[in-house]
Amino acid sequence: MSNARTILADLVAFPVIGGDPNLVIVDYIEDYLSGFGVSCTRVYDATGAKACLHARIGPAVDGGVILSGHTDVVPVEGQTWTTDPFVLVERGGRLYGRGACDMKGFLACVLAAVPTFVKTELDKPIYLAFSYDEEVGCVSGQLLAEAIRDHYTERPSCCIVGEPSNMEPVVGHKGIMVYKVTVRGSAGHSSRIRTEVSAVHEASRLILWLEGKMDSLLAAGHLDARFEPPHTSLHVGVVRGGTAHNIVADQCWFTVDVRCLPSDDLAAIEVDFRAFAKTQEAVMKQRFPGASITIEEYHPNVPPLITEETSEAVALIRRLTGVRALRTVAYASEGGQFSAVGFETVICGPGDIAQAHRADEFVEISQLERGLEVLLNLAKTRVAS
């Protein structure tokens, strides 16, 4: 356990914020793994300033397990910390520091387990997978999952994503997509509201359509009690438009946050919304030819995750943790991306998501110990006979 704590202190000291270059922490992980004879493969982004990292320990045979985590953390600006967020501090059975919970605690457990993985005569491989920019939209999860699928001749069977879950098995989360909708109308005196095209009024029609779509899904019985709330949500959280109370607004924009059940079709919802917007745009153009409605992605599409109880991944995580109960979570993760590529995926990692993204983020030492114990159990279940 002391090694996991030391590694966590090293990892926390790298202030790699989502969106920033991450090669400094990739260098650290790669150097650490090379010390145990583990060779790594980098998957760079287009700029070359960021990279995913993956590696295999054990034989090149089908049926291996991927251990997946992200290297970036969220910012600390605007938060009131009582300690330096990038210096790991132990206090009252807790380890404080940015990323200690989300999710460098899991990375530390994985790296601390590597010496055991290496010296164990594994019958099936264990893969390590570390991504970048998860905190700004799971940007590289799909890239990393596809790289693992395409790089190795053998095929891993399942994936464990170490997001904080109190070391309880998680089998599902909603997908997420965020759109920015921009409406352009014509400016004029407010008394000419029936002549000009108000971008604010037209935006409101689009917003009401979104609420109506959510209601129609509910009315049609699109429910899944495993989630809270148990339905797909369409939410407009930001609206900006207009310049004065007596000027018809010529511009308005708003954001739409969609949290989609695994059983609902996000693409179909988008198609319907775009079709309605196109119809409304045509009506607007009859009064003002320069009117327009633009819908663009504001946040990368993160697919939902749902892994059936009968899957090999569920059987494995139950065996490793001894926990039978399965649950879902409200947050999205790279788990949906690994699942979409074809790897049965579960989420299980040390720490409580309630501690993530806040000042004085921490992981319980007992959770770190439990995380390492579960990974060492993985090595025991993979011993060649």
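The structure we're discussing is the one just above.
Residues numbered from 1 in each chain as written. Predicted model: local features only at pLDDT ≥ 70, side-chain atom pairs only at ≥ 80, totals over all residues. Heavy atoms only, no water.

> How should I be thinking about the layout of surface pockets in this particular structure?
A volume near 330 Å³ is recorded for the largest pocket. In terms of lining, the largest pocket is formed by 16 residues, of which the most central are Glu 134, Glu 135, Tyr 331, Ala 332 and His 357. (1 Å grid on protein atoms, 1.4 Å probe; cavity = no way out; pocket = protein on both sides within 12 Å on 5 of 7 lines; lining within 4 Å. Points joined across faces, edges and corners; volume = space filled by probe spheres on them.)

> Which parts of the structure should I look at to understand the environment of Val 161?
Residue position: Val 161 is located in strand β7 (residues 158-161). For the pair Val 161 and Thr 120, spaced 41 residues apart in the sequence, the C-alpha separation amounts to 22 Å. Residues within four places of Val 161 in sequence aside, it is in contact with Ser 68, Gly 335, Thr 345, Val 346, Ile 347 and Cys 348. (Helix = DSSP H or I, 4+ residues; strand = E, 2+ residues; numbered from the N terminus. Contact = heavy atoms within 4.5 Å.)

> What am I meant to see in the packing of helix α7 (residues 312-321) against helix α9 (residues 365-381) here?
To describe two helices that pack against each other, one gives the angle between their axes and the distance between the axes. Two elements in contact, α7 and α9, have axes whose closest approach is 9 Å; the angle formed by their N-to-C orientations is 115°. The handedness of the crossing between α7 and α9 is right-handed. For the pair α7 and α9, contact is made by Leu 316, Arg 319, Leu 320 and Thr 321 and by Arg 370, Val 374, Asn 377, Leu 378 and Thr 381, respectively. For the contact of α7 with α9, the per-class residue count stands at 4 nonpolar, 3 polar and 2 charged. (Axes fitted to C-alpha atoms, helices over the stretch in contact; angles between N-to-C directions. Left-handed = near helix turned anticlockwise from the far one by under 90°. Nonpolar A, V, L, I, M, F, W, Y, C, P; charged D, E, K, R; others polar.)

> I'm lost on the sheet that holds strand β5 (residues 94-96) in this one. Help?
Hydrogen bonds along the backbone pair up the strands of a sheet, which may run parallel or antiparallel. In spatial order, the strands read β4-β5-β18; together these 3 strands make up an open sheet with antiparallel pairing. The open sheet terminates on both sides in strands that have one partner only, identified here as β4 (89-91) and β18 (362-364). Adjacent strand axes in the sheet meet at a mean angle of 25°, parallel and antiparallel pairs treated alike. Where β4 and β5 come together, 3 bridges link them in antiparallel fashion. Bridged to Glu 90 within β5 is Leu 95. Along the sheet, α9 makes contact with β4, β5 and β18, crossing β18 at roughly 65°. (Pairing = 2+ DSSP bridges.)

> Help me out: how do you make sense of the packing of aromatic side chains in this one?
The geometry of an aromatic ring pair comes down to the distance between the two centres and the angle between the two planes. Tallied over the entire structure, the rule returns 7 aromatic pairs. Both rings, one in Phe 14 and one in Tyr 28, keep their centres 5.5 Å apart while their planes meet at 55°; by these two values the pair is tilted. With Phe 14 in the loop between α1 (2-12) and α2 (23-34) and Tyr 28 in helix α2, the pair connects residues that are 14 residues apart, well separated along the chain. The same class applies to Phe 14 as to Tyr 28, namely buried. (Phe/Tyr/Trp six-rings, centres within 6.5 Å; stacked < 30°, edge-to-face > 60°. Buried < 20%, exposed > 50% of the residue type's maximum accessible area, 1.4 Å probe, protein only.)

> Looking at this structure, I do not really get the pattern of salt bridges. What am I missing?
Side-chain pairing between opposite charges can occur once the charged atoms of the two side chains come close. Counting across every chain of the model gives 17 salt bridges. For Glu 154, the salt bridge identified is with Arg 56, shortest N-O distance 2.8 Å. Here Glu 154, found in the loop between α4 (141-151) and β7, pairs with Arg 56, found in strand β2 (residues 51-57); they are 98 residues apart in sequence, far enough to count as distant. We classify Glu 154 as buried; its relative accessible area is 4%. For Asp 257, the salt bridge goes to Arg 259, with nearest N and O atoms at 2.9 Å. The exposure class assigned to Asp 257 is buried, which follows from its relative accessible area of 19%. Three or more residues joined by partner-sharing salt bridges are found here, namely Asp 27, Glu 30 and Arg 42. (Salt bridge = Lys/Arg side-chain N within 4 Å of Asp/Glu carboxyl O.)

> Please clarify how helix α6 (residues 266-287) should be interpreted in this entry.
For an α-helix, 3.6 residues make a turn, and residues three or four places apart therefore share a direction. The end-to-end C-alpha distance of α6, which contains 22 residues, comes to 32 Å, matching closely the 32 Å that a straight helix rising 1.5 Å per residue would cover. Turning to α6, its buried residues number three or more, namely Leu 266, Ile 269, Phe 273, Ala 277, Gln 280, Glu 281 and Met 284. Buried residues in α6, looked at end-on, bunch into an arc of 115°, giving them a common side. Opposite the buried face of α6, by more than 90 degrees, sit the exposed residues Val 271, Lys 278 and Gln 286. You can read the cap of α6 off the contacts: a side-chain oxygen lies 3.0 Å from the backbone nitrogen of Ala 267, and it is on Asp 265. (Expected span 1.5 Å × (residues − 1). Arc of directions from axis to C-beta. Polar contact = N/O pair within 3.5 Å; in protein donor to acceptor, adjacent residues only side chain to side chain.)

> Would you take a moment to explain the packing of helix α3 (residues 104-119) against α9 for this structure?
Running from N to C, α3 and α9 cross one another at 40°; their axes reach a closest spacing of 9 Å. Considering how the two elements wind past one another, α3 and α9 form a crossing that is right-handed. Taking contact as the criterion, the partners of Gly 105, Cys 109, Val 110, Ala 112, Ala 113, Thr 116 and Phe 117 in α3 are, on α9, Leu 368, Gly 371, Leu 372, Leu 375, Leu 376 and Ala 379. Across the contact of α3 with α9, the residue classes tally to 10 nonpolar, 3 polar and no charged.

> How do you make sense of the nonpolar core when you look at a structure like this?
The nonpolar side chains of soluble globular proteins are, as a tendency, buried together. Grouped together as the largest cluster of nonpolar side chains are 57 residues, with contacts concentrated most on Ile 29, Leu 33, Leu 67, Leu 128 and Ile 160. Counting residues per element, this core draws most heavily on α3, which supplies 10 residues. In this structure, Leu 33 is in contact with Val 38, Cys 40, Leu 111, Val 114 and Leu 128, ignoring residues within four places of it in sequence. With 26 residues, the next largest nonpolar core counts Tyr 179, Val 181, Ala 199 and Met 284 among its residues. (Core = buried A, V, L, I, M, F, W, Y, C linked by side-chain atoms within 4.5 Å.)

> Which parts of the structure should I look at to understand the sheet that holds strand β13 (residues 251-260)?
One open sheet holds the 4 strands; their spatial order is β11-β13-β9-β14, and the pairing between them is antiparallel. In this open sheet, the two edge strands, each paired with only one partner strand, are β11 (233-241) and β14 (292-302). For this sheet, the mean inter-axis angle between neighbouring strands, taken without regard to orientation, is 15°. Inspection of the sheet shows strand β9 (residues 175-184) paired to β13 by 10 bridges, in the antiparallel sense.

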